[in-house]
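Here is how the chains run, residue by residue.
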Amino acid sequence: MNALQPCTTSVMAAHICPRGRQGQRGVTLVVGLIFLLVMSLLAVSAIRFSSVNLRIAGNAQAQVEATAAAQTAIEQVMSSAANFYSPLSARTIAVDIDNDGRSDYSVAVSAPDCLGMMAAPGYSANFSGFAPQEGYWDVAAVATDSRSGVRVEVHQGVRARVLATAGCP
């Protein structure tokens, strides 16, 4: 059958005759627009999903950094035995976590809280008051970051051998 010849309307010829362009007019446009809409929705949801994941990762990183800053400040307090003798005092320590010369976190370290003292092993009597004691303390630190608003509180248990004159009630 020649493309220029009109289709016959007989029952047998209807199966052979291709549809003309008049039957498909506008369908391609509608299908294309629906496909474009679906692709746009997928793209927008992917962008939102990645944005939320980026915020979650940033918050987790800030929390880990603040915990590290609090632990650094606690280690500074624990590094000196003088911090476990009277008078015990709270202090604020500036911590530079990324070593760029600027303090990144302000860490408020409370005075070590004495939980108890026990005679050190090997010393049965403390007649002179100078026998070593095993002291148990709780050191708390609160790290805050003004940029991200992160606030983390860390408690560290400490056992140290000190003299009986250490500041413990």
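Residues numbered from 1 in each chain as written. Predicted model: local features only at pLDDT ≥ 70, side-chain atom pairs only at ≥ 80, totals over all residues. Heavy atoms only, no water.

Enquirer: I keep staring at the overall build of the protein chain and nothing clicks. Help me out?
Expert: A count of helices and strands for the protein chain gives two helices and five strands. Scored against the burial criterion, the 169 residues of the protein chain give a buried share of 24%. Long-range contacts, defined as pairs at least 24 residues apart, comprise 53% of the intrachain contacts of the protein chain with a sequence gap of at least 6. Split by element, the accessible area of the protein chain, about 12000 Å² in all, is 60% carbon and sulfur. (Helix = DSSP H or I, 4+ residues; strand = E, 2+ residues; numbered from the N terminus. Buried < 20%, exposed > 50% of the residue type's maximum accessible area, 1.4 Å probe, protein only. Contact = heavy atoms within 4.5 Å. Areas by Shrake-Rupley, 256 points an atom, 1.4 Å probe, with all protein chains shown as cover.)

Enquirer: Where do I start with the nonpolar core in this structure?
Expert: Nonpolar side chains in soluble globular proteins generally cluster together in the buried interior. By size, the foremost hydrophobic cluster in this structure holds 24 residues, and its most contacted members are Val107, Val109, Trp137 and Val139. Only α2 (27–78), β1 (91–95), β2 (105–109), β4 (132–144) and β5 (151–163) provide two or more residues apiece to this core. Looking at this core, the element that brings in the most residues is α2, giving seven residues. (Core = buried A, V, L, I, M, F, W, Y, C linked by side-chain atoms within 4.5 Å.)

Enquirer: How should α2 be read in this particular structure?
Expert: Residues spaced three or four apart along an α-helix face the same direction, because each turn holds 3.6 residues. Look at α2: 77 Å from first C-alpha to last across 52 residues, which is about the 76 Å you get at 1.5 Å a residue. The set of residues buried in α2 consists of Ala62, Ala66, Ala69, Ala70, Ala73, Ile74 and Val77. Those residues of α2 that are buried are in contact with β1, β2, β4 and β5. (Expected span 1.5 Å × (residues − 1).)

Enquirer: Can you help me understand the pairing of β4 in this one?
Expert: In summary, the side chains of a regular strand alternate between the two faces of the sheet. For β4, the tally of buried residues reaches ten of 13 residues, placing the bulk of the element in the interior. Where β2 lies against β4, four bridges are found, and the strand directions are antiparallel. From the neighbouring strand, Ala108 faces β4, where its bridge partner is Val142. Sheet topology note: the strand β3 (residues 113–119)/β4 ladder contains six bridges and is antiparallel. Bridge pairing in β4 links Gly116 to Tyr136. Of the pairings in the sheet, the one linking β4 to β5 comprises 13 bridges and is antiparallel in character. For Val139, the partnering residue across the bridge sits in β5 and is Gln156. Counting the residues in the hairpin turn of β4 and β5 gives six residues, including Gly149, whose phi is positive at 80 degrees. (Pairing = 2+ DSSP bridges.)

Enquirer: Please explain the pattern of salt bridges as it appears in this structure.
Expert: Opposite charge on two side chains lets them pair, provided their charged atoms get close. For the structure shown, the criterion picks out four salt bridges. Residue Glu134 is joined to Arg161 by a salt bridge in which the shortest nitrogen-to-oxygen separation is 2.7 Å. Of this pair, Glu134 sits in strand β4 while Arg161 sits in strand β5, placing them 27 residues apart in sequence. Take Glu134: its relative accessible area is 8%, and that puts it in the buried class. The partly exposed category is assigned to Arg161, whose relative accessible area is 49%. (Salt bridge = Lys/Arg side-chain N within 4 Å of Asp/Glu carboxyl O.)

Enquirer: I would appreciate a short explanation of the confidence of the model for the protein chain in the present structure.
Expert: In this model, the protein chain carries a mean pLDDT of 81, and residues with pLDDT of at least 70 account for 78%. Mean pLDDT across the secondary structure elements of the protein chain bottoms out at helix α1 (residues 11–14), with 50, and peaks at α2, with 92. (pLDDT = per-residue confidence, 0-100.)

Enquirer: Could you clarify how one ought to interpret the environment of Thr144 in this entry?
Expert: For Thr144, the position within the fold is in strand β4. Between the alpha carbons of Thr144 and Ala70 there is a distance of 8.9 Å; along the sequence they are 74 residues apart. Excluding residues within four positions of it along the chain, Thr144 makes contact with Tyr105, Ser106, Val150 and Arg151.

Enquirer: Just to check I follow, could you spell out the side chain of Asp145 for this structure?
Expert: Note that Asp145 resides in the loop between β4 and β5. At 3.3 Å, the side chain of Asp145 and the backbone nitrogen of Arg147 are in polar contact. In terms of polar contacts, Asp145 uses its side chain to reach the side chain of Ser148, at 2.9 Å. Here Asp145 is in contact with Asp104, Tyr105 and Val150, once residues within four sequence places are set aside. (Polar contact = N/O pair within 3.5 Å; in protein donor to acceptor, adjacent residues only side chain to side chain.)

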